[in-house]
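Commentary on secondary and tertiary structure
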Amino acid sequence: ATQTIPRSIVSYPEMKTPTRDLVLSHLRQEKVQLWLPPYHQREGDVDGTKSDALRNLAQLLAEQLSSSSKAPLKVDDVYSILSQLQSHALQKLKKYCVDIKILATQQHFANLSSDDDVFASWGDTVATIKNGNTKKSLIVLRVENISSTLTVDKLSSELCCALNATTARVIFKGKHISSSSSGGEGNNLRKIVSSNDGKDEQKKNELLCIVSGHGYVPPAPAAASSVEGSATDTTARTDKEIIDSIRSSASRIAYNQSGFEITDQNGNLVPMSQTDSISLLTALGLHRIGRSKMEKCRESNNDEGDKRNSLASALVFLLEADAEWQCSSTLDIWKTKVDNYGLLQLDIAWNYLLLGSLENLTDATRRLEIAETVLRKQVHSNFVTLALVNAESNNPIPPLCTIFVRLFLLQGVANKMRNCNDTAAERLTWARVLCQQLRASCPPDRVEILCGAYCVEPSTAISALRKFNGDPDAAGNFIASLRDDEARSAKRRKRQHKLGKCANNSDFVNLDLVQTLSDLLGFGGVNNNTNDGQDDQTTSNLICSGVLRLTNNDIEKSLALYNEIGAQGVLQRAAQLDKDTGIRRASIRDKFEVSDVDVASLVSMGVEEERGRNALRATGNVDSALLWLLKDDDNKTRANGSSEVERSSSGESKADSEGSSANGADETNDCCAEDAYDFLERELGHALSNDSKETLEKEWLGVDLKEEWEMIEEYK
């Protein structure tokens with residue numbers, strides 16, 4: 001297949017000679033393409049090797065064009081002009097060339113036909129420059145002058161057809177591209193690969209295609225595709241639907257001011273604009289789904305094809321989360337302040353390694369440097385050095401070293417692929433020393449004992465055992481103390497919510513300042529965290545918290561305002577502030593902490609864990625949760641039985657619907673916000689719940705490191 005290059009590409013302002021014009025005119029008239037064989041032989045270098053065919057063409061043109069020239073043309077002069085034209089055209093065409101790396105299983109490649117023209121329509125020439133082996137399962141195709149008609153849909157469909165696969169995900173420069181996310185002109189691969197930000201002109205364009213699933217199904221007809229979607233992109237479209245749902249739910253949560261909150265290391269709420277909240281919530285949500293897919297892949301016993309499909313889908317969410325972090329200048333600042341962004345980079349690199357394709361992540365070292373910078377900011381400057389010394393001496397090391405095991409492993413593999421063998425050996429050694437000590441401190445029998453005694457997940461038990469070098473008694477006491485600390489922090493946040501926001505409608509009351517102000521005003525002690533769970537609603541407490549709200553937590557202004565308007569004035573203005581700013585409805589605000597013991601109790605009664613957690617979060621104790629579950633079941637039964645009645649009653653008069661009260665509208669909005677919050681909690685594995693410590697333990701500090709150990713042994 002050939003393709004005439006646009007005339008704008010072959011313009012040569014530096015060659016303004018009559019002979020050059022004569023030669024160029026003839027080439028265009030005869031449609032001679034110097035950048036294609038036989039005039040250009042491809043050997044990996046874009047400038048190619050001049051063949052005998054080019055000199056033969058020069059001799060032929062010298063003879064044919066001499067009659068049109070004032071003087072006979074010399075063969076060497078014509079050859080020189082042809083060489084310049086060819087070199088210039090190849091240089092222009094460089095940005096339209098791409099290496100397509102196809103990552104699939106050997107079962108997929110076994111379906112590949114020996115016909116060299118399977119992918120011929122993708123460009124002027126399509127050549128295999130690297131064949132896969134049983135370990136890598138990789139084939140690289142070099143496409144020169146990529147076709148202007150090649151789209152993401154076409155490439156995915158033809159790949160799936162040739163390899164008898166269900167899904168082909170396309171990744172370019174660390175970003176997932178799909179027909180749904182880059183519709184219209186953005187779906188054209190020629191335009192995608194030719195886009196260059198000017199920073200990597202010397203790098204080759206590379207597309208990574210991750211193929212998964214078995215059994216090709218032809219795309220649905222155009223008329224049906226809008227309803228059912230393309231069969232070859234079913235999983236990708238499902239991914240897109242989930243991504244859209246996360247973004248939509250994040251917006252509803254932010255704009256309805258529901259339970260999404262950010263706290264600092266001291267447990268105080270941190271204000272954030274709605275736009276930034278949406279971006280951050282979406283990024284965390286997409287990251288959560290990506291991690292959950294990777295976790296399911298690690299725990300499952302599915303075949304290699306299913307695991308590859310899960311990893312490929314996870315990579316889509318991780319890359320979308322990475323893109324979301326770039327949407328806000330505020331989040332750009334947060335990259336260096338919180339560990340979420342660094343952990344995301346670690347997960348992306350880890351996913352590539354599990355796919356056997358870390359070498360295809362061209363910026364792997366950059367991402368890992370970001371991860372290391374962020375992680376090292378969370379610990380002491382000598383944290384790693386001391387951990388290595390203690391591990392070699394068989395002394396306990398912090399569970400946080402688990403994250404560094406994966407970091408050093410990835411850095412070792414990445415440097416090994418770059419032939420930086422000394423650095424690779426050093427990082428792999430670090431990973432091995434830390435991993436060996438962490439695994440030795442939590443033998444399976446002790447993990448099982450702690451799980452049974454304290455009704456906790458294995459990840460929590462593993463983390464506690466690692467903290468105390470395998471001592472089950474100390475680990476058990478630590479688990480119990482953590483529960484008390486988490487309960488106190490939860491009460492503190494709940495108290496801040498009940499008091500409401502300050503006058504700036506952004507900050508919450510600083511509870512530490514409430515006690516300070518109470519002492520200055522001579523009110524005595526103020527209790528913000530009573531043991532019985534009831535808040536201190538004394539007048540002195542309401543006055544102190546009220547005046548701090550009115551002055552945005554400014555002690556000096558609070559004293560001056562109190563002296564000016566008195567206690568009654570403070571209470572009146574605080575009440576007016578509640579009306580002006582609005583305090584969130586209790587149905588959304590007051591979510592209870594969930595105890596693992598209570599969850600275990602409900603599960604033992606036959607309740608699904610997910611439903612049990614939702615019930616406990618809504619009620620706070622086992623007895624109330626059981627009543628909540630019974631009522632929920634009754635409501636569902638009643639709803640199913642009354643569906644026909646609801647449909648028939650939809651024809652009520654318009655006047656009746658217009659007579660709905662404003663309170664009814666408020667309740668509807670609150671329900672929407674609560675539904676969005678519940679959706680995110682369900683999809684993200686409770687990533688937004690208050691118990692973030694449990695999530696961190698489960699995903700990082702409490703992993704068994706079996707997979708990491710196998711990787712270390714493989715690459716050491």
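Just so it is clear, the structure is predicted and the values come from calculations on it, not from any experiment. (Residues numbered from 1 in each chain as written. Predicted model: local features only at pLDDT ≥ 70, side-chain atom pairs only at ≥ 80, totals over all residues. Heavy atoms only, no water.)

As enumerated under the stated definition, the model contains seven aromatic pairs in all. Geometrically, the ring pair formed by phenylalanine 404 and phenylalanine 408 is tilted, given 5.9 Å between the ring centres and 45° between the ring planes. In this pair, phenylalanine 404 and phenylalanine 408 both sit in helix α15 (residues 401–417), four residues apart, roughly one turn of the helix. Taken as a pair, phenylalanine 404 and phenylalanine 408 share a single burial class, namely buried. What links up through ring pairs into an aromatic cluster is the set Phe383, Phe404, Phe408 and Trp430. In this structure, arginine 406 is placed above the aromatic ring of tryptophan 350, and the distance from its NZ or CZ to the ring centre is 4.3 Å. (Phe/Tyr/Trp six-rings, centres within 6.5 Å; stacked < 30°, edge-to-face > 60°. Helix = DSSP H or I, 4+ residues; strand = E, 2+ residues; numbered from the N terminus. Buried < 20%, exposed > 50% of the residue type's maximum accessible area, 1.4 Å probe, protein only. Lys NZ or Arg CZ within 6 Å of the ring centre and 35° of its normal.)

Along helix α25 (residues 609–619), the residues classified as buried are Gly612, Arg613, Ala615, Leu616, Arg617 and Thr619. Looking one or two places after α25, you find glycine 620, whose phi comes out positive at around 105°.

Residue placement: tyrosine 96 occurs in the loop between α3 (75–93) and β3 (98–103). For the pair tyrosine 96 and isoleucine 192, spaced 96 residues apart in sequence, the C-alpha to C-alpha distance is 9.5 Å.

A few words on helix α12 (residues 340–354). Its 15 residues place the ends of α12 21 Å apart at the C-alpha level, agreeing with the 21 Å of an ideal helix rising 1.5 Å per residue. Burial analysis of α12 places 13 of its 15 residues in the buried class, which makes it a mostly covered element. (Expected span 1.5 Å × (residues − 1).)

Counting residues in hydrophobic clusters, the biggest one holds 75 residues, and the most contacted among them are Trp325, Leu358, Phe404 and Leu434. Of all the elements, α15 adds the most residues to this core, at 10 residues. With near-sequence residues (within four places) excluded, leucine 358 lies in contact with Ala349, Tyr352, Leu353, Ala364, Leu410, Val413, Ala414 and Met417. Within the second largest apolar cluster, 29 residues are counted, among which are Ala104, Ile139, Leu155 and Leu189. (Core = buried A, V, L, I, M, F, W, Y, C linked by side-chain atoms within 4.5 Å. Contact = heavy atoms within 4.5 Å.)

Next up on the list: the pattern of salt bridges. Applying the stated criterion across every chain, the model contains 15 salt bridges. Between arginine 427 and glutamate 426 there is a salt bridge; the shortest N-O distance is 3.6 Å. Accessibility expressed as a relative area gives 14% for arginine 427, which makes it buried. The class for glutamate 426 is partly exposed, based on a relative accessible area of 36%. Overlapping salt bridges bring together Glu372, Arg376, Glu426 and Arg427 as one network. (Salt bridge = Lys/Arg side-chain N within 4 Å of Asp/Glu carboxyl O.)

Further remarks concern the confidence of the model for the protein. Confidence along the protein averages 74 in pLDDT terms, with 71% of residues attaining 70 or more. No element of the protein has a lower mean pLDDT than helix α28 (residues 654–658), at 37, and none a higher one than helix α16 (residues 421–440), at 94. With pLDDT under 50 throughout, residues 197–202 is counted as low confidence; its partners more than four residues away or in other chains account for three contacts. Across residues 222–236 the pLDDT falls below 50, and counting only partners more than four positions away or on other chains, this stretch makes 26 contacts in the model. (pLDDT = per-residue confidence, 0-100.)

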